[in-house]
Amino acid sequence: MMRIKEHPVLDFECNAGFVAGKKITFFYNDREVEAYEGDTIAAALHDFGVRKLGESPNLHRPRGLFCAIGNCSSCFMVVDGVPNSRVCIMKVKQGMDVKEQVGKGNIL
């Protein structure tokens, strides 16, 4: 497991190093992903093995988790149809639909 256990801005409720929330599922690029209630989307995707969160708008270079506090644009994804969502600070919710974003809000 590649769980993110500490975050500079968000608080995770931890129990012996693991998030204490109940397991939930959401969808990433139409694949079902398990997460824990209280996780950020980026933390859940990181635990799932996803390192590329999108591409740069002009040169289409891969982008991954960078600041993890909502200040940069490296984690922009389309969440429930809303582009440019900062998944490093958004909490995951049961059944939500997350898609990789290409460029300035286009869905992959």
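Anything mentioned here points back to the structure above.
Residues numbered from 1 in each chain as written. Predicted model: local features only at pLDDT ≥ 70, side-chain atom pairs only at ≥ 80, totals over all residues. Heavy atoms only, no water.

The next point concerns the side chain of Gln101. With respect to the secondary-structure elements, Gln101 resides in strand 9 (residues 97–102). In terms of polar contacts, Gln101 uses its side chain to reach the side chain of Asn84, at 2.7 Å. (Helix = DSSP H or I, 4+ residues; strand = E, 2+ residues; numbered from the N terminus. Polar contact = N/O pair within 3.5 Å; in protein donor to acceptor, adjacent residues only side chain to side chain.)

What follows concerns unusual backbone geometry. Of note in this structure, His60 is not a glycine but carries a positive phi near 60°. The phi torsion at Asp80 lies on the positive side, around 50°, for a residue other than glycine. For Asp80, the position within the fold is in the loop between strand 7 (76–79) and strand 8 (82–86).

Right, let's talk about the nonpolar core for a bit. Judged by nonpolar contacts, the single largest core of 19 residues is most densely connected at Phe26, Tyr28, Ile41, Leu45, Val87 and Val98. Counting only elements with at least two residues in this core, the list comes to strand 3 (23–28), strand 4 (31–36), helix 1 (41–48) and strand 7. With residues near it in sequence (within four places) discarded, Val98 still touches Phe26, Phe27, Tyr28, Asn29, Ile41, Met77, Val78 and Val79. (Core = buried A, V, L, I, M, F, W, Y, C linked by side-chain atoms within 4.5 Å. Buried < 20%, exposed > 50% of the residue type's maximum accessible area, 1.4 Å probe, protein only. Contact = heavy atoms within 4.5 Å.)

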